Amino acid sequence: MATDRLPPHDLDAEEAVNGSLLIDGKSIYQVAVTLRPDDFLSEANRWIYQAALTVFHRNEAIDQITIAQELERLGLLGKIGGNAYLNHLLSIVPTSLDIEHYAQIVYRLSIMRQLITAGDKIAGFGYDADPDISNTINKAEDILFRLRNERGRLDFVPIKNILDKYFEEPPPASEDSFQRLPQVYTGFHGLDNLLGGMQRSDLIVLAGRPSMGKTSLALNIARNAAVEQGACVAIFSLEMSKESLVQRLLSSEAEVNSKRMRLGLNSDEEERAIMEAQGKLSPAAIYIDDSPLMKVAEMRSKARRLHFEHPLDLIVLDYLQLLQSEGRNENRVLELSNITRALKGLARELNIPFIAVSQLSRAVEGRAIHTPQLSDLRESGSIEQDADIVVFIYRDEAYYKTEEDWLREHPDQEYPRELADIIVAKHRNGPTGQIKVRFKNALTKFENLGKAPE
C-alpha cells in the first residue's frame, strides 16, 4: 500500500553521534560494535561515520583533521558541506558522554526502517501468490530471522553476571584482577616449562580432533590464568553458549559431574561444592562473548573496546574455523590465511597471547598411529605459518574405549586411563616437546600429574 510517510529517522541524533566522535575519538569504542554506517539515513552523516571507522581501523586518532583528510581522500568532503559542516557537528554537543544514548536512537530507528523494508519484501511474496505456501512462509521467516540474528548482537558478559543466574549475588571483583602481567602461565607445569609461559603477542593454536578436549583445555588455561594469576581474559565462544561454558567451568572447579549438574541432580554436598566454586570464579576477570557467525572485524572491535576498558592479558577463541573473514572468498585456504594473519595482528596490537582453538582434519583417522601432525591442521599452510606455537591434544583413550581394546594391540602396556598428551609441535622461539596430563572426562578437567617443581 502506497504511503507518503517518511521512514523513521532522527537527524539530530545522527549528528550528535558524529559530533561526539569529533570531540572524543576514543568514544568510538562505545559504538563501533553496535552501529553501522548503513544505520545513518543522512548520506553525509553516513560518510562521516564510515570515515571515522576507517580511521579507527588504521589505528589513527579520530578528530576533525583526520576525518576531513579521509573524506577529502575519498572526494566526499565537499559533498558533505566541507569543514563548515564538521564545525557544525562540533558545536551541537558539549561532550561525548551521551554518545551511547544517541547511538541507540540511530540504531533503533535503523531497525525500524529495516523492518519496513522486510515487510515490503514479505508483501511481495504474497502478491507473487506462489502455489507452494510452505516455501513462501519459509522465505518470509528467513527475512525476519536474518534481521534478528544480524542485528541482535551479543557482547562480552562478565562471568559473575552469568553465575548470578544460578546463585546469590557474588562478591565484587578485585581491582588486582586487571593488573598487567609480564607473561601468562597455562597452569600446567610441563607446558609452562616448555613455553616459558605464554608470551605476549604470540598466536597459539590449540588443535585436536573432536572429543579430545580442546575446549576444555582452553577453558582450563583461561581459568588458571584468571583465578591463579589474576589475569584479565576474554573468551570468544562461536560454538557454545556462555551458559554452557560457565557450567563447564563450575563442574571443573567444584569437581561435580557435568551431566549431573546439567540435569540438576546434585546432592547437598555437591551443591556446597558448587557454591564454593562459584565464590572462587565470580571475582575472576573472565569476559565471555558467545555471538555466533562473528566476523574478524567485529571480533577485533569488541576485543579492542574491552581492552580499552580492562587491559587484557589473554584472548581465547573457540574455534578458528567458525570465524568469518570480511567479504566473500571462494578459496577457503586464502580465507583462513586472512583470518590467521588478522588474529596474529590483533595479538601484536594488544600485546597479549591469543589462543585459537582449531579442528584437525580427518587424515588423523586414516593412519595406524593417530598422533596428530602439523599437516593435519585444516587448511594447514596458513595456520601453521602464522602461529607462533602449535599445541595438539591427544588421548589414546578416545580411540580405545575399553581396556580390552587397548590390550589387544598393546599387550605389554598399561591402559592409559584418564591420560592425555599435550604436544608442542611448533614453537617459533623455543623447544618443542610433549607432556602428559590427567583428563577427567566427567568433569571436563585437565590436571597436572605431579606437583610443580621447586
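Preceding block: the structure.
Residues numbered from 1 in each chain as written. Predicted model: local features only at pLDDT ≥ 70, side-chain atom pairs only at ≥ 80, totals over all residues. Heavy atoms only, no water.

Draft legend 1. Structural view of the overall build of the protein chain. From N to C terminus, the protein chain includes 18 helices and 10 strands. For the protein chain, buried positions account for 50% of its 454 residues. The long-range fraction of contacts in the protein chain, counting pairs at least 24 apart against all pairs at least 6 apart in sequence, stands at 72%. (Helix = DSSP H or I, 4+ residues; strand = E, 2+ residues; numbered from the N terminus. Buried < 20%, exposed > 50% of the residue type's maximum accessible area, 1.4 Å probe, protein only. Contact = heavy atoms within 4.5 Å.)

Draft legend 2. Looking closely at the environment of S96. Locating S96 in the fold gives a position in the loop between α6 (82–92) and α7 (99–128). The spacing of S96 and D24 is 72 residues in sequence and 6.2 Å in space, taken between C-alpha atoms. Setting aside residues no more than four positions away along its own chain, S96 makes contact with S20, I23, D24 and S27. In terms of polar contacts, S96 uses its side chain to reach the side chain of D24, at 3.4 Å. (Polar contact = N/O pair within 3.5 Å; in protein donor to acceptor, adjacent residues only side chain to side chain.)

Draft legend 3. Spatial organisation of the layout of surface pockets. Within this model, the second largest pocket holds a volume of roughly 440 Å³. Lining of the second largest pocket is provided by 22 residues; of these, S211, M212, G213, R395 and N441 occupy positions nearest its centre. Sorting the residues of the lining of the second largest pocket by element identifies α11 (214–229) and β6 (354–359) as the ones contributing at least two each. Residue contributions to the lining of the second largest pocket peak at 3 residues, all from α11. Considered class by class, the residues forming the lining of the second largest pocket number 7 nonpolar, 7 polar and 8 charged. (1 Å grid on protein atoms, 1.4 Å probe; cavity = no way out; pocket = protein on both sides within 12 Å on 5 of 7 lines; lining within 4 Å. Points joined across faces, edges and corners; volume = space filled by probe spheres on them. Nonpolar A, V, L, I, M, F, W, Y, C, P; charged D, E, K, R; others polar.)

Draft legend 4. Structural view of the pairing of strand β4 (residues 286–289). Burial along β4 is two-sided: I286 and I288 facing one way and Y287 and D289 facing the other are all buried. Pairing between strand β3 (residues 233–237) and β4: 4 bridges, direction parallel. Counterpart to F236 in the pairing with β4 is D289. (Pairing = 2+ DSSP bridges.)

Draft legend 5. Summary view of the pattern of salt bridges. Going through the model one piece at a time under the given rule, you end up with 22 salt bridges. A salt bridge links R408 to D405; its shortest N-O distance comes to 2.3 Å. With R408 and D405 both in helix α18 (residues 403–409) and 3 residues apart, the pair spans about one turn of that helix. Across the salt bridge formed by K445 and E447, the nearest N and O atoms sit 3.6 Å from each other. Per residue, the accessibility class of K445 equals that of E447, and both read buried. What you see here is one network of salt bridges that share partners, running through R58, E60, E70 and R73. (Salt bridge = Lys/Arg side-chain N within 4 Å of Asp/Glu carboxyl O.)

Draft legend 6. Representation of the side chain of K344 in the model. Following the sequence through the fold, K344 ends up in helix α16 (residues 332–350). Here K344 is in contact with S201, D202, L203, D386 and D388, once residues within four sequence places are set aside.

Draft legend 7. How the structure looks around helix α3 (residues 43–57). Over its 15 residues, α3 runs 21 Å from end to end, which matches the ideal 21 Å to within 8%, given 1.5 Å per residue. Residues of α3 that are buried include every one of A44, N45, I48, Y49, A51, A52, L53, V55 and F56, and no others. Residues of α3 that are buried in the fold lie against α1 (11–23), α2 (28–31), α4 (64–73), α5 (77–80), α6 and α15 (296–309). Directly after α3, the chain includes N59, whose backbone phi takes a positive value near 60 degrees. (Expected span 1.5 Å × (residues − 1).)

Draft legend 8. Seen up close, the side chain of D318. Here D318 shows up in strand β5 (residues 314–318). The buried charged residue D318 lacks any salt bridge, with R248 as its nearest oppositely charged partner at 6.6 Å. A distance of 2.8 Å separates the side chain of D318 from the side chain of T215, its partner in a polar contact. If sequence neighbours within four positions are ignored, D318 has contacts with T215, F236, S237, L238, E239 and V357. (Lys, Arg positive; Asp, Glu negative; His and termini not counted.)

Draft legend 9. Main features of a nonpolar patch on the surface. A surface patch of nonpolar side chains, about 240 Å² in accessible area, is lined by M112, L115 and L144. With respect to the helices, strands and loops of the structure, L115 is situated in helix α7. (Patch = residues over 30% accessible without salt bridge, like charges linked within 9 Å, V, L, I, M, F, W, Y side chains within 5 Å. Areas by Shrake-Rupley, 256 points an atom, 1.4 Å probe, with all protein chains shown as cover.)

Draft legend 10. Up close: α1. Taking 1.5 Å per residue as the helical rise, α1 with its 13 residues ought to reach 18 Å, and the 18 Å between its terminal C-alpha atoms agrees with that figure. Where the residues of α1 are buried, they touch α2, α3, α4, α6 and α7. Capping the start of α1 is the job of one residue whose side-chain oxygen sits 3.1 Å from the backbone nitrogen of D12: D10.

Draft legend 11. Quick peek at the pairing of strand β2 (residues 203–208). A large share of β2 lies buried, amounting to 6 of its 6 residues. Alternating residues of β2 divide into L203, V205 and A207 and I204, L206 and G208, and every residue in both groups is buried. Two strands pair when backbone bridges link them, and β2 and β6 are joined in this way by 6 bridges, in the parallel orientation. Pairing of I204 across the sheet is with I355, part of β6. Pairing geometry for β2 and strand β7 (residues 389–394), over 4 bridges, is parallel. Within β7, the position partnered with A207 by the bridge is F392.

Draft legend 12. The arrangement of the packing of aromatic side chains in detail. This structure, assessed with the given rule, holds 5 aromatic pairs. Note on Y29 and F56: the rings are 5.5 Å apart at their centroids and 90 degrees apart in plane angle, and the pair reads as edge-to-face. Here Y29, found in helix α2, pairs with F56, found in helix α3; they are 27 residues apart in sequence, far enough to count as distant. Classification of F56 as buried rests on a relative accessible area of 4%. Taking the centre distance of 4.5 Å and the plane angle of 35 degrees together, the rings of F439 and F446 count as tilted. An aromatic cluster of three or more residues is present, and its members are Y29, F56 and F308. (Phe/Tyr/Trp six-rings, centres within 6.5 Å; stacked < 30°, edge-to-face > 60°.)

Draft legend 13. Local environment of the packing of α11 against helix α12 (residues 242–254). Their axes nearest at 11 Å, the elements α11 and α12 cross at an angle of 70 degrees. Judged by the inter-axis angle, α11 sits roughly perpendicular to α12. Between α11 and α12, the residues in contact are T215, S216, L219, N220 and R223 and L245, R248, L249, S252 and E253, respectively. Its residues assigned to classes, the contact of α11 with α12 comprises 3 nonpolar, 4 polar and 3 charged. (Axes fitted to C-alpha atoms, helices over the stretch in contact; angles between N-to-C directions. Parallel < 35°, antiparallel > 145°, perpendicular 65-115°, else oblique.)

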